[in-house]
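One letter stands for each residue in the lines below.
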Amino acid sequence: ARYTEKTALQSAAISRNPCGCCMRKWRWCPVSRKLLPYETIVKAHEGNPEAVEAVLSHYAGYIKYVSMMNGRVNSDVEEHVKLKLIESLMKFRFDR
């Protein structure tokens, strides 16, 4: 996506508005970030492919960020992180 003046204005408008829960700027508020629904996590744990894909797409930006090496996305690291996330989904215990 191209970063235009319009997106810059939208971005500035979003970050200027404080969060209602803690009065921090929206981007930095840990509470206002969208969470995955509990049901999606349970279905992913059970092996539902759509739910697993929803989890992967939810964390896609973070996965790409941690996979960066020298300003580029390292695809080997990206695949490793995705596999570890899927392994963790299958091992997750709900009884704690």
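Computed from a prediction, not measured in an experiment: that's the story for all the values here.

Here is what the cut-offs are and how they apply
- Residues numbered from 1 in each chain as written.
- Predicted model: local features only at pLDDT ≥ 70, side-chain atom pairs only at ≥ 80, totals over all residues.
- Heavy atoms only, no water.
- Axes fitted to C-alpha atoms, helices over the stretch in contact; angles between N-to-C directions.
- Helix = DSSP H or I, 4+ residues; strand = E, 2+ residues; numbered from the N terminus.
- Parallel < 35°, antiparallel > 145°, perpendicular 65-115°, else oblique.
- Left-handed = near helix turned anticlockwise from the far one by under 90°.
- Contact = heavy atoms within 4.5 Å.
- Nonpolar A, V, L, I, M, F, W, Y, C, P; charged D, E, K, R; others polar.

1. Examining the packing of helix 3 (residues 49-58) against helix 5 (residues 75-91)
It is at 11 Å that the axes of helix 3 and helix 5 come closest, and there the two elements cross at 130°. Relative to helix 5, helix 3 is oriented oblique. Relative to helix 5, helix 3 is oriented so that their crossing is right-handed. Residues Val-52, Val-55 and Leu-56 of helix 3 form the contact with helix 5, whose own contacting residues are Lys-82, Leu-85, Ile-86, Leu-89 and Met-90. Tallied by class, residues from the contact of helix 3 with helix 5 come to seven nonpolar, no polar and one charged.

2. Regarding the packing of helix 2 (residues 38-46) against helix 3
With their axes 7 Å apart at the nearest point, helix 2 and helix 3 run at an angle of 120° to one another. Judged on the interaxial angle alone, helix 3 and helix 2 are oblique. Crossing handedness for the pair helix 2 and helix 3: left-handed. Of helix 3, the residues touching helix 2 (which contributes Thr-40, Lys-43 and Ala-44) are Ala-51, Val-52, Ala-54 and Val-55. For the contact of helix 2 with helix 3, the per-class residue count stands at five nonpolar, one polar and one charged.

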